[in-house]
Amino acid sequence: MKTMRLDKYLSLTGKATRSETAKAVRGGEVLVGGIPAKRADMQIDPDTAEVIFRGERVTYRQFIYILMHKPDGVVSATEDGREQTVVDLLPDDLLRIRPAIFPCGRLDKHTTGLMLLTNNGELSHRLLAPARHVDKTYAFSVKFPLSDEDEAVLESGVDIGGYVTAPCRVERDADAEGSCRSGRITLHEGKYHQIKLMMEARHNQITRLERLTFGPLTLDPALAPGEWRWLTPDEVRALETAGE
Ligand code: URA
């Protein structure tokens, strides 16, 4: 059986620091299996222990996986001196969890949509590794209509400042006049500002960009911009497989 000290367990879940746990234990405010804990350093099994801290059931997860609908105007960083970050949108007890939660990959400040946040550095690294880059689909709008030639060139690869993009998939939507100013693009790689630069290479300009998928994950329509939810166990398994 894997065991862990109660105070370490509570600090990993973000519920309390070690000194707060010691105080709560003295006050009889921590129950383990329904019985008040006598010592903050008692050993518990983190996977099965039923821990109640100040009346609240505590859930332990070895790793955190969060699916967020990133809103416009928020940067995908852990901290930023001036701008609000995706991590700032999480509640305080999640911010205390160690290892700390960070965004897996980046979206531009004005790109909205699916953002994965985790504290599993190793899986994130594997998902973002160029050799294993998972597919990502974005919905886009552009300033000027995209021609058949634009679609063909974008799909086969364009020069974005010394780098020729890998083949990708573009689907255009026609408006009432038959012009295509929106659609979806699926990339098998992820270069900085890639879609913005690809459209600029075609003398066009992105006016809206929203990420719809990241590997096996899909943007949850139930999440409004700024909202998040835990990944389901099936989604976590699918993500682990995508990173293999
Ligand atoms: N490509 C971009 O240009 N911006 C993003 O945020 C993601 C992909």
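For the structure, see preceding data.
As the structure is a computational prediction, the values presented were derived from the model and not from experiment.

Caption draft 1: Molecular detail of the overall build of the protein chain. Secondary structure assignment for the protein chain yields seven helices and 15 strands. Over its C-alpha trace the protein chain gives a radius of gyration of 22 Å, far above what one expects of a compact globule, namely 18 Å for 244 residues. Taking the principal axes of its C-alpha atoms as reference, the protein chain extends roughly 75 × 35 × 30 Å. Expressed as a percentage of the 244 residues in the protein chain, the buried residues total 42%. Taking the contacts inside the protein chain whose residues are at least 6 apart along the sequence as the reference set, 65% of them involve residues at least 24 apart. Looking at the protein chain, you have 33 positive and 37 negative side-chain charges, and the mean spots of the two groups are 7 Å apart.

Caption draft 2: Broad picture of the site of the ligand. Inspection of the region around the ligand gives Leu107, Asp108, Thr111, Tyr138, His193, Gln194, Ile195, Lys196 and Leu209 as its neighbouring residues. One of the backbone N or O atoms of Asp108 is found 2.8 Å from an oxygen atom in the ligand. When the free accessible area of the ligand is taken as 240 Å², the share hidden by the protein chains comes to 95%. When residues of the shell around the ligand are assigned to their parent elements, the largest contribution, three residues, is made by helix 6 (residues 194-201). For the shell around the ligand, the per-class residue count stands at four nonpolar, three polar and two charged.

Caption draft 3: Layout of the pattern of salt bridges. Summed over all chains, the structure comprises 19 salt bridges. Among the salt bridges present, the one from Arg172 reaches Asp148, with a minimum N-O distance of 2.8 Å. Residue Arg172 is located in strand 11 (residues 169-173), and its partner Asp148 is located in helix 5 (residues 148-156); the two are separated by 24 residues in the primary sequence. For Arg172, a relative accessible area of 23% puts it in the partly exposed group. A salt bridge links Arg169 to Glu155, with the nearest nitrogen and oxygen atoms 3.3 Å apart. Within this pair, whereas Arg169 is found in strand 11, its partner Glu155 is found in helix 5, the two being separated by 14 residues in sequence. Several salt bridges share partner residues, and in doing so they unite Lys15, Glu56 and Asp93 into one network.

Caption draft 4: Structural detail: the state of the cysteines. Counted according to the given criterion, the structure contains zero disulfides. Here Cys168 stays free of any disulfide, with the sulfur of Cys180 as its closest cysteine sulfur at 16 Å.

Caption draft 5: A look at the sheet that holds strand 2 (residues 30-32). Pairing is antiparallel in the open sheet, where four strands are placed in the order 3-2-5-6. The open sheet has two free edges, formed respectively by strand 3 (35-36) and strand 6 (56-57), since each of these has just one partner strand. Pairing between strand 2 and strand 5 (residues 51-53): three bridges, direction antiparallel. In the strand pairing of strand 5, Leu31 is matched with Ile52.

Caption draft 6: Up close: unusual backbone geometry. Here the residue pair Arg98 and Pro99 is connected by a cis peptide bond, since its omega of -5° sits within 30 degrees of zero. On the secondary structure map, Pro99 appears in the loop between helix 3 (92-95) and strand 8 (102-103). Positioned with a positive phi, Arg54 is a non-glycine residue whose angle comes to about 45°. Its location among the elements puts Arg54 in the loop between strand 5 and strand 6.

Caption draft 7: Spotlight on the pairing of strand 10 (residues 136-142). The buried fraction of strand 10 is high, at seven of seven residues. Along strand 10, one buried face is formed by Lys136, Tyr138, Phe140 and Val142 and the opposite face, lined by Thr137, Ala139 and Ser141, is buried too. Sheet analysis places strand 10 next to strand 12 (residues 182-187), joined by six bridges and oriented antiparallel. Bridge pairing in strand 12 places Ser141 opposite Ser182. Here strand 10 pairs with strand 13 (residues 206-214) via seven bridges, running antiparallel. Bridging across to strand 13, Phe140 finds its partner in Leu209.

So, how was this worked out
- Residues numbered from 1 in each chain as written.
- Predicted model: local features only at pLDDT ≥ 70, side-chain atom pairs only at ≥ 80, totals over all residues.
- Heavy atoms only, no water.
- Helix = DSSP H or I, 4+ residues; strand = E, 2+ residues; numbered from the N terminus.
- Rg over C-alpha atoms; globule rule 2.2 N^0.38 Å.
- Buried < 20%, exposed > 50% of the residue type's maximum accessible area, 1.4 Å probe, protein only.
- Contact = heavy atoms within 4.5 Å.
- Lys, Arg positive; Asp, Glu negative; His and termini not counted.
- Charge placed at Lys NZ, Arg CZ, Asp CG, Glu CD.
- Near = heavy atom within 4 Å.
- Polar contact = N/O pair within 3.5 Å; in protein donor to acceptor, adjacent residues only side chain to side chain.
- Areas by Shrake-Rupley, 256 points an atom, 1.4 Å probe, with all protein chains shown as cover.
- Nonpolar A, V, L, I, M, F, W, Y, C, P; charged D, E, K, R; others polar.
- Salt bridge = Lys/Arg side-chain N within 4 Å of Asp/Glu carboxyl O.
- Disulfide = S-S within 2.5 Å.
- Pairing = 2+ DSSP bridges.

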